[in-house]
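# Observations on the three-dimensional arrangement
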Amino acid sequence: MVNIKTPADIEAMRPACRHAADTLVMIEAHIRPGISTDDINDLVHDFTIKAGAIPAPLNYHGFPKSVCTSVNHVVCHGIPTNKVLKDGDIVNVDVTSIIDGWHGDTSKTFYVGEPSIKARKVTEVARKALEIGIAMVRPGITLGDIGHAIQLYVESEKCSVVREYCGHGIGRNFHEEPQVLHFGNAGSGLRLQPGLVFTIEPMVNLGKKSIKLLGDGWTVVTRDKSLSAQFEHTLAVTETGVDILTLPST
Ligand code: MF3
Ligand code: CO
Ligand code: CO
């Protein structure tokens, strides 16, 4: 059952969505060689608690930290550690905030210092893949249209789309129906209507699409050790198009 939000529900989601976006703005100013992913976790945790918000990842199905930090060949769900970032790394910071019971979910991949040509390539393809997905969103198209457009673009850039993880409905729950695949067939799947709220969050690998889950039960990495990047927004379908809910306040 896909749940359609009222205009009041969508207004109620804005504070959590804006807070998550503002958290990424705050974090960006701290990303430099020498910072650890634990430092990023602490900054996100404190910023969130000080705002009266809740970091959704903490204890979510047992996740041990307040944010996901996915470095280089880590695709998603990286667990912050005391390992420091070095010049040339890329790191995706995936923030989900809860305010008044509503969730906002957004992520970005950041350059640590000066990116290599490969790091820049995979990151810019992932950034544009999300942009292309968002540009599709309006009533009447299908989820398959979004996935198809993203897949077509990413593969045209000789990169690959991860299949095992997808975007998702979001609201009072972190993850709700529908699943939003970042690949597929035009015209297939759920037809979009105003009030549908979901994320698009394509995971793009520089090499092959195949992934594996590490023994910690969370960390997802590329099988071929190639770099992976991701960007995510929470979106609402409007009468005429799309409302990006996870835009920062400034
Ligand atoms: N934020 C991720 C998403 O975009 C989910 C992370 S689940 C966690 O859907 F437990 F690892 F935080
Ligand atoms: Co998400
Ligand atoms: Co997320």
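### Let's talk about the sheet that holds strand S6 (residues 160-161)
The sheet built from three strands is open, its strands ordered S6-S10-S13 with antiparallel pairing. At either end of the open sheet lies a strand with only one pairing partner, and these are S6 and strand S13 (228-230).

### Here's the deal with the coordination of the cobalt ion (ligand 2)
Bound to the cobalt ion (ligand 2) are the protein donor atoms Asp105 (OD), His168 (NE2), Glu201 (OE) and Glu232 (OE), situated 2.0 to 2.2 Å from the metal. Coordination at the cobalt ion (ligand 2) comes from six donor atoms whose angles at the metal span 52 to 161°, giving a geometry best classed as irregular. The distance between the cobalt ion (ligand 2) and the cobalt ion (ligand 3) comes to 3.3 Å, and Asp105 binds to both of them. In this pair, His168 sits in strand S7 (residues 167-169) while Glu232 sits in the loop between S13 and strand S14 (233-237), placing the two residues 64 residues apart along the sequence. For Glu232, a relative accessible area of 0% puts it in the buried group.

### Overview of the packing of helix H1 (residues 7-28) against helix H2 (residues 37-50)
If you want to describe how two helices pack, look at the angle between their axes and the distance between the axes. Where H1 meets H2, the axes come as close as 10 Å, and the angle between the chain directions of the two elements is 135°. Taken as axis vectors, H1 and H2 run oblique relative to one another. For the pair H1 and H2, the sense of crossing is right-handed. From H1, His19, Asp22, Thr23, Met26 and Ile27 reach across to H2, where they touch Ile40, Leu43, Val44, Phe47 and Thr48. Classifying every residue of the contact of H1 with H2 by side-chain character gives six nonpolar, three polar and one charged.

Each value, and the rule that gives it
- Residues numbered from 1 in each chain as written.
- Chains lettered and ligands numbered in written order.
- Predicted model: local features only at pLDDT ≥ 70, side-chain atom pairs only at ≥ 80, totals over all residues.
- Heavy atoms only, no water.
- Pairing = 2+ DSSP bridges.
- Helix = DSSP H or I, 4+ residues; strand = E, 2+ residues; numbered from the N terminus.
- Donors = N, O, S within 2.8 Å, 3.2 Å for Na, K, Ca; no water.
- Tetrahedral: all angles 85-135°; square planar, octahedral: opposite > 155°, others 65-115°.
- Buried < 20%, exposed > 50% of the residue type's maximum accessible area, 1.4 Å probe, protein only.
- Axes fitted to C-alpha atoms, helices over the stretch in contact; angles between N-to-C directions.
- Parallel < 35°, antiparallel > 145°, perpendicular 65-115°, else oblique.
- Left-handed = near helix turned anticlockwise from the far one by under 90°.
- Contact = heavy atoms within 4.5 Å.
- Nonpolar A, V, L, I, M, F, W, Y, C, P; charged D, E, K, R; others polar.

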